[in-house]
Amino acid sequence: MLYPVNELFETIQGEGLYTGVPAIFLRLQGCPVGCPWCDTQHTWSKTAENAVDFGEVIAKTGPDERYGELSAAAILEQIQHLGFTAKHIVITGGEPCMYDLRPLAEVFEPLGYQLQIETSGTFEVLTSDATWVTVSPKVDMPGGYPVLASAMQRANELKYPIAMEKHIEAFDALLAEKPAKANAVICLQPISQRPRATELAIKVCRERNWRLSVQLHKYLAIE
Ligand SMILES: C[S@@+](CC[C@H](N)C(=O)[O-])C[C@H]1O[C@@H](n2cnc3c(N)ncnc32)[C@H](O)[C@@H]1O
Ligand SMILES: Nc1nc2[nH]cc(C(=O)O)c2c(=O)[nH]1
Ligand code: SF4
Ligand SMILES: [Mg+2]
């Protein structure tokens, strides 16, 4: 299994329950979902022309569509070669669940790494039981969501992006129709640091005892 790696870097997790935790980010290329406010649009298109040597991926100075194809073992080698010391690995994208992530868990978990997946819940989640799965549900996208119900059940954490009151209503409707696990952590994430979105998220989190996820890395201007 080869994974299309758009980025591999070490930083601080800026979102969700694990905010503040040093983490290695593995960003996979490809996403068909098309959220209009997506902050990683350079990961959407996966074309053969953009497949490059991994050296080019590591030398990137800004976001672009190039990716290198690496096996789980080769990703481990790169992480060791780069000298990353974090033991938490966030697999994101793009949409990482377009790919079978179990070979990554097989390589990394025996070495003591905690895996976390950031997914939209639009593809079946194929990973180990020990993986922390963060589902950021996408409900307004065309095409239906045949696997969203099972993703909601698998989610250790739900992280819902919001900007307006109608998004809270949509999230309530989703939770009623496709329930989450009883102990799932629920976070609201303001879209693009918009002040009104942040104000609304703070208000609703206080009312509901949900967590606020502000994309700390954007305030800190780090990766
Ligand atoms: C870029 S996505 C990649 C993983 C996966 N495709 C997903 O949507 O969960 C990572 C996280 O960023 C969130 N996100 C993307 N663009 C955002 C924005 N402009 N403001 C707030 N959150 C955003 C997504 O909802 C998701 O929780
Ligand atoms: N620091 C940092 N934290 C993040 N948490 C989720 C991210 C993502 O793009 O999925 C992300 C990211 O891009 N950077
Ligand atoms: S599902 Fe994730 S990567 Fe895909 S467009 Fe939406 S936010 Fe971006
Ligand atoms: Mg990001």
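Residues numbered from 1 in each chain as written. Chains lettered and ligands numbered in written order. Predicted model: local features only at pLDDT ≥ 70, side-chain atom pairs only at ≥ 80, totals over all residues. Heavy atoms only, no water.

J.: I tried to follow the site of ligand 2 on my own but got confused; where do I start?
T.: Taken together, the residues surrounding ligand 2 are Thr11, Ile12, Gln13, Gly14, Glu15, Phe25, Arg27, Thr92, Glu118, His217 and Glu223. Within the backbone of isoleucine 12, an N or O atom sits 2.8 Å from a nitrogen atom of ligand 2. Between ligand 2 and glycine 14 there is a distance of 3.0 Å, counted from a nitrogen atom to a backbone nitrogen or oxygen. Its atoms largely coinciding with the cavity grid, ligand 2 occupies the largest pocket. For the shell around ligand 2, the secondary-structure elements that each account for two or more residues are strand E1 (3–12) and strand E2 (22–28). A per-class count over the shell around ligand 2 returns two nonpolar, five polar and four charged. (Near = heavy atom within 4 Å. Polar contact = N/O pair within 3.5 Å; in protein donor to acceptor, adjacent residues only side chain to side chain. 1 Å grid on protein atoms, 1.4 Å probe; cavity = no way out; pocket = protein on both sides within 12 Å on 5 of 7 lines; lining within 4 Å. Sits in = over half its atoms within 2 Å of the grid points. Helix = DSSP H or I, 4+ residues; strand = E, 2+ residues; numbered from the N terminus. Nonpolar A, V, L, I, M, F, W, Y, C, P; charged D, E, K, R; others polar.)

J.: Hey, could you run me through the packing of helix H5 (residues 165–177) against helix H6 (residues 195–208) in this one?
T.: As a packed pair, H5 and H6 sit with axes 10 Å apart at the nearest point and diverge in direction by 40 degrees. As the angle between them shows, H5 and H6 are arranged oblique. You can see that H5 and H6 cross each other, and the crossing is right-handed. Counting all contacts with H5, which are made through Glu165, Ile168 and Asp172, the residues of H6 involved are Leu200, Lys203, Val204 and Arg208. Residues of the contact of H5 with H6, tallied by class, amount to three nonpolar, no polar and four charged. (Axes fitted to C-alpha atoms, helices over the stretch in contact; angles between N-to-C directions. Parallel < 35°, antiparallel > 145°, perpendicular 65-115°, else oblique. Left-handed = near helix turned anticlockwise from the far one by under 90°. Contact = heavy atoms within 4.5 Å.)

J.: Is there a simple way to think about the layout of surface pockets in this case?
T.: Rolled over the atoms, a probe as big as a water molecule pinpoints where empty space is left. Each pocket or cavity is described by its volume, and for the largest pocket that value is around 840 Å³. For the largest pocket, the lining is made up of 39 residues, of which Glu15, Arg27, Asp39, Thr40 and Gly93 are closest to its centre. Mapped by element, the contributors of at least two residues to the lining of the largest pocket are E1, E2, strand E4 (88–93), strand E5 (114–119), strand E7 (157–162), strand E8 (185–190) and helix H7 (216–220). A class-by-class count of the residues in the lining of the largest pocket yields 13 nonpolar, 16 polar and 10 charged. (Points joined across faces, edges and corners; volume = space filled by probe spheres on them.)

J.: It is not clear to me how the sheet that holds E7 should be interpreted in this structure. Could you clarify?
T.: What links the strands of a sheet is backbone hydrogen bonding, and the strands pair in either a parallel or an antiparallel sense. With respect to topology, nine strands assemble into an open sheet ordered E3-E1-E2-E4-E5-E6-E7-E8-E9, the strand pairing being mixed. At either margin of the open sheet sits one strand with a lone partner, and together these are strand E3 (68–70) and strand E9 (211–212). For E5 and strand E6 (residues 132–135), the ladder comprises four bridges, and the chain directions are parallel. What sits directly across from isoleucine 117, in E6, is valine 133. This element, helix H2 (residues 72–82), spans E1, E2, E3 and E4 of the sheet and lies at about 35 degrees to E1. Seen against the sheet, H5 touches E7 and E8 and runs at an angle of roughly 150 degrees to E7. (Pairing = 2+ DSSP bridges.)

J.: Help me understand the side chain of histidine 88, please; the structure alone is not making it clear to me.
T.: Tracing the backbone through its elements, the reader meets histidine 88 in strand E4. A polar side-chain atom of histidine 88 sits 2.8 Å from a polar atom in the side chain of glutamine 116. Other than its neighbours up to four places away in sequence, histidine 88 contacts Tyr18, Val21, Pro22, Ala23, Ile24, Gln114 and Gln116.

J.: I keep staring at the site of ligand 1 and nothing clicks. Help me out?
T.: Among the 21 residues in the neighbourhood of ligand 1, the closest are listed as Trp37, Gly94, Ser136, Gln189 and Ser192. Contact between ligand 1 and serine 136: an oxygen atom at 2.7 Å from a side-chain N or O atom of the residue. In the complex, the protein chains occlude 95% of the 540 Å² of accessible area that ligand 1 would expose alone. Judged by the proximity of its atoms to the pocket grid, ligand 1 belongs to the largest pocket. Taken together, the residues that form the shell around ligand 1 break down as five nonpolar, 10 polar and six charged. (Areas by Shrake-Rupley, 256 points an atom, 1.4 Å probe, with all protein chains shown as cover.)

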